[in-house]
Amino acid sequence: MSLHRSLIAPTFHPPLQQALHEKLAARNTAAGSLGELEPLAVRLGLVQNTLKPRLHTPQLVVFTGDHGLAVDGITAPDTTPSTEQVQALITLRTPLAVFAHIQGLGLTVVDAGLAEPLGRHPLLLSRKIAHGTRNSRVGAAMSLDQAQAAIRAGMEIANALPGNVLACAGLGVGSEASAALLLSRLALLPLPQLVQPAAQASPQLLGHQVAVLQAVLERHRSVSEPVEMLAAMGGFEIGMMVGAMLVAAGKRHLIIVDGLPACAALAVASRIAAPVVDYAVFARSHSRPGLSLALGYFQQGPLLELGLESTDGTGATLAWPLIHAAAALLTEVAEGEDPGPSRPMGL
């Protein structure tokens with residue numbers, strides 16, 4: 001982890017930022033303003049450290065894992081089993097998978113720690129650490145060795161992927177609860193609001209969820225180091241996203257964060273190497289209040305607000321064309337325009 005801490009550079013670069021603004025202003029004289037697309041274009045230029053950001057071969061990776069905490073009855077009775085959700089993804093029976101296909105995003109579903117086995121499939125990558133985590137209410141969700149193994153696996157996965165855009169999402173029974181626990185501790189966000197559903201839910205179930213999760217926080221209240229906190233209350237899918245984000249930022253790749261588990265992974269990664277947040281933009285696939293809290297913690301909003309109530313990662317597939325268009329503002333040279341340098345003069 002120390003290696004990636006040293007390799008992740010902040011994107012803060014005032015001369016380059018000024019040059020990017022000037023380049024866009026010169027275009028605006030002839031073509032008019034493109035509103036919120038312009039700050040996104042500047043962000044992309046800073047991520048790649050160039051006046052001409054070029055994004056290619058985007059990858060969407062859905063990390064999946066189940067949580068032992070679910071045995072305490074914290075999920076709704078009609079919750080779809082993780083294996084069924086994964087089967088729907090890899091057989092292109094969900095909007096996420098279809099949108100990824102038509103938008104040209106490579107889709108990989110990673111079995112980080114599902115409770116049940118899955119058959120082989122070209123879109124499925126098996127990196128199972130264990131068959132689900134342990135119950136974090138009665139002990140650590142995973143050993144420190146398992147947490148570190150999950151981070152390393154995520155690093156290896158990201159390092160092997162093509163392209164320079166990585167979209168991350170998490171899936172699994174209990175994954176949202178685990179993410180809420182980590183964000184409550186790391187970001188000091190109120191736990192009841194983090195687990196509040198978007199639609200009307202049973203007050204009894206919500207009260208039970210909060211009571212169980214508060215007991216988890218109390219049990220692990222003395223843990224403060226980020227990887228130990230991940231081991232105590234996190235999940236294999238969150239750990240792998242931590243590693244993947246660290247590698248992506250180290251390569252100056254763009255990270256698209258979609259959903260509460262991905263936000264929790266970014267929060268852990270930022271405790272290991274704070275500049276990783278500089279490389280992240282956010283998508284939204286549902287309207288649950290906890291995600292709004294998490295986005296507020298990172299002081300960012302989603303690229304698109306479409307009123308989705310879908311699987312995490314769906315928003316990322318729809319945000320990709322917008323991101324690609326923002327890069328084109330700076331990279332695709334208009335007819336008759338001087339191509340110019342890729343860096344400001346003197347840098």
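Look up a bit, the structure's there.
Draft legend 1. Just the overall build of the protein, in detail. For the protein, the count of helices and strands is 14 helices and 6 strands. In terms of overall size, the protein behaves like a compact globule, its C-alpha atoms giving a radius of gyration of 20 Å where 347 residues would be expected to give roughly 20 Å. For the protein, buried positions account for 55% of its 347 residues. The contacts of the protein with a sequence gap of at least 6 include a subset with a gap of at least 24, amounting to 77%. Seen as two clouds, the 22 positive and the 25 negative side-chain charges of the protein have centres 6 Å apart.

Draft legend 2. Local environment of the side chain of N164. Tracing the sequence through the fold places N164 in the loop between α6 (144–160) and β4 (165–171). If sequence neighbours within four positions are ignored, N164 has contacts with Q48, R54, L55, H56, T57, H253 and L254.

Draft legend 3. Examining the packing of aromatic side chains more closely. For the structure shown, the criterion picks out 2 aromatic pairs. Summarising the aromatic geometry, the rings of Y297 and F298 are spaced 5.0 Å apart at their centres and angled 65° between planes, so their arrangement reads as edge-to-face. Classification of F298 as buried rests on a relative accessible area of 8%. A connected cluster of aromatic rings, assembled from ring pairs, spans F282, Y297 and F298.

Draft legend 4. How the structure looks around the pattern of salt bridges. A full pass over the atoms with the stated rule returns 6 salt bridges. E305 is the salt-bridge partner of R284, the closest N and O atoms lying 3.7 Å from each other. In this pair, R284 is assigned in the loop between β6 (280–283) and α13 (289–297) and E305 in the loop between α13 and α14 (314–331), connecting sequence segments 21 residues apart. Residue E305 is classed as exposed on the basis of its relative accessible area of 56%.

What counts, and where the lines are drawn
- Residues numbered from 1 in each chain as written.
- Predicted model: local features only at pLDDT ≥ 70, side-chain atom pairs only at ≥ 80, totals over all residues.
- Heavy atoms only, no water.
- Helix = DSSP H or I, 4+ residues; strand = E, 2+ residues; numbered from the N terminus.
- Rg over C-alpha atoms; globule rule 2.2 N^0.38 Å.
- Buried < 20%, exposed > 50% of the residue type's maximum accessible area, 1.4 Å probe, protein only.
- Contact = heavy atoms within 4.5 Å.
- Lys, Arg positive; Asp, Glu negative; His and termini not counted.
- Charge placed at Lys NZ, Arg CZ, Asp CG, Glu CD.
- Phe/Tyr/Trp six-rings, centres within 6.5 Å; stacked < 30°, edge-to-face > 60°.
- Salt bridge = Lys/Arg side-chain N within 4 Å of Asp/Glu carboxyl O.

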